[in-house]
Amino acid sequence: MSSHGPTTGIKYGMVIDLDKCTGCGTCSVACMTENNGYCLEDESDKVRSITWLRVYRLENGEPYPNTKVAYLPRPCMHCDNHPPCVSVCPPTATTKDEIGGIVSQIPTRCIGCRYCVAACPYHARYFNWFDPWPLYKDHVKQMTEGLNPDVAPRMRGVVEKCTFCHHRLMAAKERCYAEGLDEIPEDYYQTSCTQACPAGAISFGDLNNPEHRVHQLLKERQKDVFRLLEKLGTEPKVYYMTTQRWIRAKADNFLDVPKGTGY
Amino acid sequence: MESEFIPEGLQRTSATSFYLWQLPWLGLLAWGGISALLCLIVGLNQTNMNDYFAFGVWIVFDLSVIALGAGAFFTGFLTYVVGKKELKSIINLAVIIGFICYSGAVAMLGIDIGQPIRGWFIFWHANVHSMLTEVSFCITCYLMVLTIEYLPNILENRQLDKIKEIHFFSHNLHEIMFVFAATGTFLSFFHQGSLGGMYGVMYARPYAAREMFSIWPTTFPLFILSAMAAGPCFTLIIATMLEKIGRKKLVKKEAKELLAKISGRLLLVYIILKIIDTWYWGTVTAAEAGFSVSDFFREGPYGWWTVIFELGFLGVIPAILLNIPAVRHSTGALMFAAVLNCAGIVLNRFVVTVVTLAIPVMPFEKFLGYLPTWQEWGIAMAVIGYGGIVIGLSYRYLPVFPHEKELNAG
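Read on for a plain summary of the structure. (Residues numbered from 1 in each chain as written. Chains lettered and ligands numbered in written order. Predicted model: local features only at pLDDT ≥ 70, side-chain atom pairs only at ≥ 80, totals over all residues.)

This paragraph deals with the interface of chain B and chain A. Chain B puts 36 residues into the contact, and the matching count from chain A is 42 residues. Those elements giving two or more residues to the side of chain B that touches chain A turn out to be α5 (121-124) and α6 (131-155) of chain B. Here the element with the most residues in the side of chain B that touches chain A is α6(B); it accounts for three residues. Its residues placed into classes, the side of chain B that touches chain A shows 19 nonpolar, 13 polar and four charged. (Contact = placed C-beta atoms within 7 Å. Helix = DSSP H or I, 4+ residues; strand = E, 2+ residues; numbered from the N terminus. Nonpolar A, V, L, I, M, F, W, Y, C, P; charged D, E, K, R; others polar.)

With that settled, consider unusual backbone geometry. Residue and element names in this part refer to chain A. The amide bond that connects Tyr 64 to the next residue, Pro 65, takes the cis arrangement and shows omega of 15°. Note on placement: Pro 65 falls in the loop between β2 (54-59) and β3 (69-74). One non-glycine residue, Thr 92, lies in the positive phi region at around 55°. Residue position: Thr 92 is located in the loop between α2 (84-88) and β4 (94-96). Positioned with a positive phi, Phe 164 is a non-glycine residue whose angle comes to about 55°. By the secondary structure assignment, Phe 164 is in the loop between β7 (159-161) and α5 (166-179). Since 26 C-beta atoms lie within 10 Å of it, Phe 164 is described here as buried. (Buried ≥ 20, exposed ≤ 12 C-beta atoms within 10 Å, placed from the backbone.)

Below, the discussion takes up the pairing of strand β1 (residues 12-17) of chain A. Residues and elements named next belong to chain A. Counting buried positions along β1 yields six of six residues, so the element is predominantly enclosed. Side-chain alternation along β1 places Tyr 12, Met 14 and Ile 16 on one buried face and Gly 13, Val 15 and Asp 17 on a second face that is also buried. Of the pairings in the sheet, the one linking β1 to strand β8 (residues 202-206) comprises five bridges and is antiparallel in character. Pairing of Tyr 12 across the sheet is with Asp 206, part of β8. (Pairing = 2+ DSSP bridges.)

What follows concerns the packing of helix α1 (residues 15-41) of chain B against helix α15 (residues 374-397) of chain B. For any two helices packed against each other, one specifies the crossing angle of their axes together with the interaxial distance. Residues and elements named next belong to chain B. Between α1 and α15, whose axes approach to 7 Å, the crossing angle comes to 145°. Of the two elements, α1 crosses α15, and the hand of that crossing is left-handed. Each residue belonging to the contact of α1 with α15 can be placed in one class, and the counts come to 17 nonpolar, eight polar and one charged. (Axes fitted to C-alpha atoms, helices over the stretch in contact; angles between N-to-C directions. Left-handed = near helix turned anticlockwise from the far one by under 90°.)

What follows concerns the environment of B:Tyr52. Position of B:Tyr52 among the secondary structure elements: in the loop between α1 and α2 (57-68). The exposure class assigned to B:Tyr52 is buried, which follows from the 20 C-beta atoms found within 10 Å. Residues B:Tyr52 and B:Pro360, spaced 308 residues apart in sequence, show a C-alpha to C-alpha distance of 8.9 Å. Those residues in contact with B:Tyr52 that sit more than four places away from it in its chain are A:Val47, A:His123, B:Leu357 and B:Leu368.

Before going further, it helps to spend a moment on the environment of B:Ala227. Residue and element names in this part refer to chain B. Turning to its location among the elements, Ala 227 is positioned in helix α9 (residues 219-246). Residues Ala 227 and Gln 192 lie 35 residues apart in sequence; the distance between their C-alpha atoms is 7.2 Å. With sequence-adjacent residues up to four places away left out, Ala 227 is seen in contact with Ala 67, Ala 70 and Gln 192.

What follows covers the environment of B:Leu68. All names here are of chain B. Relative to the elements of secondary structure, Leu 68 occurs in helix α2. Along the primary structure Leu 68 and Asp 161 are separated by 93 residues, whereas in three dimensions their C-alpha atoms are 31 Å apart. Sequence-distant contacts of Leu 68, that is, excluding residues within four places in its chain, are made with Cys 101, Ala 230, Gly 231, Phe 234 and Cys 342.

All right, on to the sheet that holds strand β10 (residues 238-241) of chain A then. All names here are of chain A. Pairing is mixed in the open sheet, where four strands are placed in the order β8-β1-β10-β9. The sheet is open, and its two borders are formed by β8 and β9 (225-226), each paired with just one other strand. In this fold helix α7 (residues 213-220) packs onto β1, β8, β9 and β10, with an angle of close to 110° to the strand it touches most, β8.

See the structure below:
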């Protein structure tokens, strides 16, 4: 089942504290390992390398000694309102789940037209320009042994993206069924990046559940919370937090920071 | 032997000279064939497209040839549905150009998608919300219509026409052509519009996004209008080129002038609406998304010049020229205006495709450039090679221009 409109009920989302993020990249590595990502022969080709969770380096553009640097991890925003990628996909290879609101991708149905890649303003969608496995032709056995059996590797010519570790949601549902639980507890379903972050900058859970950390953070830190390109109206389910105004200004074009203020 | 296939009473060059003329086109086809094989076997890493430039020169070419091939549906509509009989002088050529453009575009799309074997998923798992689904359905259906429209002309070949059954079949097909012309017009309205709609609905890419009327963005009617304005001009350019190469008259002057006049009127309406649309987009639509036009042009080679060049030099000027009777009467001036008109539409398709993708949306993203590889050019050029061969063969062996004999009698 899929829907284009806002999610009601359970709504999975993420809150990332940019003041805590050190830019170490553990979240990216954890994501690639968990989701069977692969490395290109030339990983310096950043416009073709596949990083579902990309860490951007932000700079305030001020000269020394006012220079400031921050890091912004960018998973798929799992847009809640009419995700730009969902309605454009001709063979319905991407949908937004009615329960939970996760924007999923079905690589085996994707025809590789890349309309979704063009429509996404966050560059969260990646096309497989290369055949993944021949790159490891000398180490196929080791590589396949290291794969996560819960996640299907993608083939050349299809689009892929962050799924909020959807396979973990499936596993959590099975566990709850086995244990006779009606509701998925917060710690039963966490994304790999959330668990891997050494600084604890990433929180994940049901945005509508008052018992979940993400819900509480959005309430407690209301004035520090923002989303990327909010005026577009995509209603991302990934929130960012910062107390620094210059970082906040970097998230939207229309916000200005006075020059020379050291922000 | 070969000369027995040439329409009776028409002068054509010798077989040797004709086939030598085909060599450059075959060269382009070979270049395209090698490129296509590389893309299909090795993958789309043979191109310079990437996750920022998800679409490249192929989509620009696709959109352009589909707009330029619109002469087929619009001339068909004017000839068979509106009843402008003088256009019968050029309708066959318009249909052939349309057929080349559409079949070429479909072939290019087959290479462009990452999983060509799954192309049928668009029809099987159709997402009715996607503009691209509608484009795929309409283009496929319209290509069938174009084949049916082209068929009677093929069957009129001197040798084929001798077979009684074929003669009757093609005659009857002619009689009911208005049905196919009307179907073609209906289908073309939707896919030309949907091609524009594809970009207008990308509401999260503010450079392309436009205001919506119900489910259609303003780019929907604008693409239909611009294709209707440019398509007939492209047919006129090809007809004039054939006349120059063959050194004879092929199309009646009144047919050319009528087509140019209708094209000019439509271009004028289009350019007025496009200017209003651009102004509204710059002042309202983009502003509501948190952008100003200067944000779009803050870095990179694109800027106001693209807007001025597209709307002014390649828009307003041909629109004025084509509405002046003296310009339409002079072959040189008419060709100049027609070329500007067609170039304007190609630039428009380039802007909506490449400039849209080149402009960063996130404030911390940088402008990135893109230049196609030889493989990408090869596939694009193959469409031109294929077009040259189909037009050449049709001109030689089929009675494409019904008034050719009469016009060159003296």
